[in-house]
Amino acid sequence: MGPGPSNAYPRVLAAMTLPLLGHLHPPFVKIMDEIKQGLQYLAQTESPYAMAVSGSGHAGMEASIANVLEPGDKIIVGNNGIWGSRVVDLSGRYGAQVISMDKEGGQTYSLEEITAAIEKHKPQALFLCQGESSSGTMQNLEGIGEVCKANNCLLIVDTVCTFAGVPFYFDNWGVDVMYSGSQKALSCPPGAAPFIMSENAMRKLKNRKTPPATYNLDMNLIGAYWGWFGNQRFYHHTGPVSQFYALREGIDIASEEGLENLWARHQAMHEYLWEGLNGLGLKPFVENPADRLPTVNTIKVPEGVDFAKLIANAMDFYSLEIAGGLGPTVGKVWRIGVMGHNARPLNIDMVIQAFRKGLEQQGKFPEHSFAAHQDIQGRKLLPGAAVGKN
């Protein structure tokens, strides 16, 4: 129940046991096409430039920077956690002029702040992380694409821990490049990064003065492998066959549930988690409720509590992963992932029980709390909490 990877759906694991196919054989090409179509649905886009990069979410991150930025281009980076700081580093390595828009962990950016930065610096690209899993914030993206378009600026969005877990509208929000990961809300093993480009982003790629400084992640070449530019497929690399089986199955499961139901389930389980955590006297790290990320929840470590001891207790007695902080939140928070197959009442109840026992072990359990007098297993479910048996 950490921030990822999530436990995989049984159907996903079963799909990975199927016999291998050749990476350019017609049956495998059909699977690639089905992945593309499924990603278009989940991202709510009609862009033909959808695929899964062979690699983790970091491969998607690097592909987004390497393909649409040239040496000397300016990029504004929303740097309010570890993923923003990595994009700052990555963009600099590709020769970009980086304007780091720094904020403390737990805070997000207003439309006014973003608009002012774009109008001042006139960048070629803006990077934002929709779900900053190191601090547990969710960035509001509405209206930002319009500002970017008006200033000839591409909008790049990290959706690694939000894709298929919270609302996302690639076309309506004017996103130009999106990347994600397979191991979060899609509940697949890591190794395939959903990746989508807009027509504007493709135009930037095709009109580059210099080729991308990477062969492995050059979308001119990988796009040809995925059939972006016509029926003739180009051999760029051997795709991870079993991983693509798994991703197709994970996409199918998400599509069967339906986007609105999927989003509602994640939100309901987020609220159900916090009902239990609040009953234990625990507080959210992110102060503004509108900024809280449903899929990766950050909990303040109370004064006098050994956060690492509670994590170890959960693993030793429940075989349950509770993660500590990352980057700017190390030692300050615990992190709980509520994603995909893990976004179920039984799992949430186990998390609450582990926190309760861990606090009791350290003599920090508040006797007046809700959980001290109630059976956690008997808590009433919130609307939308029911889940299927995938």
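Residues numbered from 1 in each chain as written. Predicted model: local features only at pLDDT ≥ 70, side-chain atom pairs only at ≥ 80, totals over all residues. Heavy atoms only, no water.

Between its terminal C-alpha atoms helix α10 (residues 259-279) stretches 30 Å, which fits the 30 Å expected from 21 residues at 1.5 Å a residue. At the C-terminal side of α10, Gly281 shows a positive phi close to 85 degrees. (Helix = DSSP H or I, 4+ residues; strand = E, 2+ residues; numbered from the N terminus. Expected span 1.5 Å × (residues − 1).)

This part covers the sheet that holds strand β7 (residues 154-158). An order of β1-β9-β8-β7-β4-β2-β3 is seen for the seven strands of this open sheet, with the pairing classed as mixed. Where the open sheet ends on each side, the last strands, each with one partner, are β1 (49-54) and β3 (97-102). Sheet twist, expressed as the mean angle between neighbouring strand axes with direction ignored, is 20 degrees. Packed onto the sheet, helix α2 (residues 26-43) meets β1 and β9 (192-197) and runs at close to 110 degrees relative to β1. (Pairing = 2+ DSSP bridges. Axes fitted to C-alpha atoms, helices over the stretch in contact; angles between N-to-C directions. Contact = heavy atoms within 4.5 Å.)

Tracing the sequence through the fold places Glu70 in the loop between α3 (57-68) and β2 (74-79). Although Glu70 is buried, it makes no salt bridge; Lys204 carries the closest opposite charge, 4.2 Å away. A distance of 2.9 Å separates a polar atom in the side chain of Glu70 from the backbone nitrogen of Thr210. The contacts of Glu70, once residues within four sequence positions are left out, are Tyr94, Gly95, Lys204, Arg208, Lys209 and Thr210. (Buried < 20%, exposed > 50% of the residue type's maximum accessible area, 1.4 Å probe, protein only. Lys, Arg positive; Asp, Glu negative; His and termini not counted. Salt bridge = Lys/Arg side-chain N within 4 Å of Asp/Glu carboxyl O. Polar contact = N/O pair within 3.5 Å; in protein donor to acceptor, adjacent residues only side chain to side chain.)

A word on the pattern of salt bridges. Considering all chains together, one arrives at 11 salt bridges under this definition. In this structure, the salt-bridge partner of Arg248 is Glu34, at a minimum N-O distance of 2.9 Å. In this pair, Arg248 sits in helix α9 (residues 241-257) while Glu34 sits in helix α2, placing the two residues 214 residues apart along the sequence. Residue class for Glu34 comes out partly exposed when judged on its relative accessible area of 26%.

This part is about the confidence of the model for the protein chain. The pLDDT averaged across the protein chain works out to 93; a share of 93% of its residues lies at or above 70. Below a pLDDT of 50 lies the segment residues 370-389, which in the model reaches 45 contacts outside its immediate sequence neighbourhood of four places, other chains included. (pLDDT = per-residue confidence, 0-100.)

Our next topic: the sheet that holds strand β11 (residues 323-324). Read across the open sheet, the three strands follow the order β10-β12-β11; overall the sheet is antiparallel. A strand with exactly one partner marks an edge of an open sheet, and here the two such strands are β10 (296-300) and β11. The sheet contact formed by β10 and strand β12 (residues 333-337) spans five bridges and is antiparallel. When the sheet's bridge partners are listed, Thr298 is paired in β12 with Arg335.

Moving on: the packing of α2 against α9. Between α2 and α9, the least distance of the axes is 9 Å, while the angle of their chain directions is 40 degrees. By the criterion of interaxial angle, the relationship of α2 to α9 is oblique. The chirality of how α2 crosses α9 is left-handed. From α2, Phe28, Ile31, Met32, Glu34, Ile35, Gly38, Leu39, Tyr41 and Leu42 reach across to α9, where they touch Val241, Phe244, Tyr245, Leu247, Arg248, Ile251, Ala254 and Ser255. In the contact of α2 with α9, the residues fall into 13 nonpolar, two polar and two charged. (Parallel < 35°, antiparallel > 145°, perpendicular 65-115°, else oblique. Left-handed = near helix turned anticlockwise from the far one by under 90°. Nonpolar A, V, L, I, M, F, W, Y, C, P; charged D, E, K, R; others polar.)

Position of Ser91 relative to the elements: it lies in helix α4 (residues 82-93). With a relative accessible area of 0%, Ser91 lands in the buried category. Setting aside anything within four residues of it in sequence, one finds Ser91 in contact with Ile65, Leu69, Ile75, Ala96 and Val98.

Turning to the layout of surface pockets, a few remarks are in order. A volume near 490 Å³ is recorded for the largest pocket. Taken together, 21 residues make up the lining of the largest pocket; nearest its centre are Leu154, Asp176, Ser198, Glu199 and Asn200. When contributions to the lining of the largest pocket are tallied by element, the ones reaching two or more residues are α6 (144-150) and α7 (199-206). The element best represented in the lining of the largest pocket is α7, accounting for four residues. Along the lines of polarity and charge, the residues of the lining of the largest pocket split into six nonpolar, eight polar and seven charged. (1 Å grid on protein atoms, 1.4 Å probe; cavity = no way out; pocket = protein on both sides within 12 Å on 5 of 7 lines; lining within 4 Å. Points joined across faces, edges and corners; volume = space filled by probe spheres on them.)

Inspection of the entire model under this criterion finds eight aromatic pairs. The interplanar angle of 65 degrees and the centroid separation of 5.4 Å between the aromatic rings of Tyr49 and Trp228 together place this pair among those described as edge-to-face. Taken together, the positions of Tyr49 in strand β1 and Trp228 in the loop between α8 (219-225) and α9 put the pair 179 residues apart, joining distant regions of the chain. Pair check on accessibility: Tyr49 and Trp228 agree, each one buried. Considering the side-chain rings of Trp334 and Phe355, the 5.2 Å spacing of their centres and the 75 degrees angle between planes classify their relative orientation as edge-to-face. Here Trp334, found in strand β12, pairs with Phe355, found in helix α12 (residues 345-361); they are 21 residues apart in sequence, far enough to count as distant. (Phe/Tyr/Trp six-rings, centres within 6.5 Å; stacked < 30°, edge-to-face > 60°.)

Quick look at the packing of α10 against α12 now. Orientation of α10 relative to α12, taken along the N-to-C sense of each, is 25 degrees, at an axis distance of 10 Å. Considered as vectors, α10 and α12 are oriented roughly parallel to each other. The element α10 and its partner α12 pack so that their crossing is right-handed. Residue-level inspection shows Met269, Tyr272, Leu273, Gly276 and Leu277 of α10 in contact with α12, the latter providing Pro345, Ile348, Asp349, Val351, Ile352 and Phe355. Within the contact of α10 with α12, the residues separate by chemical class into nine nonpolar, one polar and one charged.

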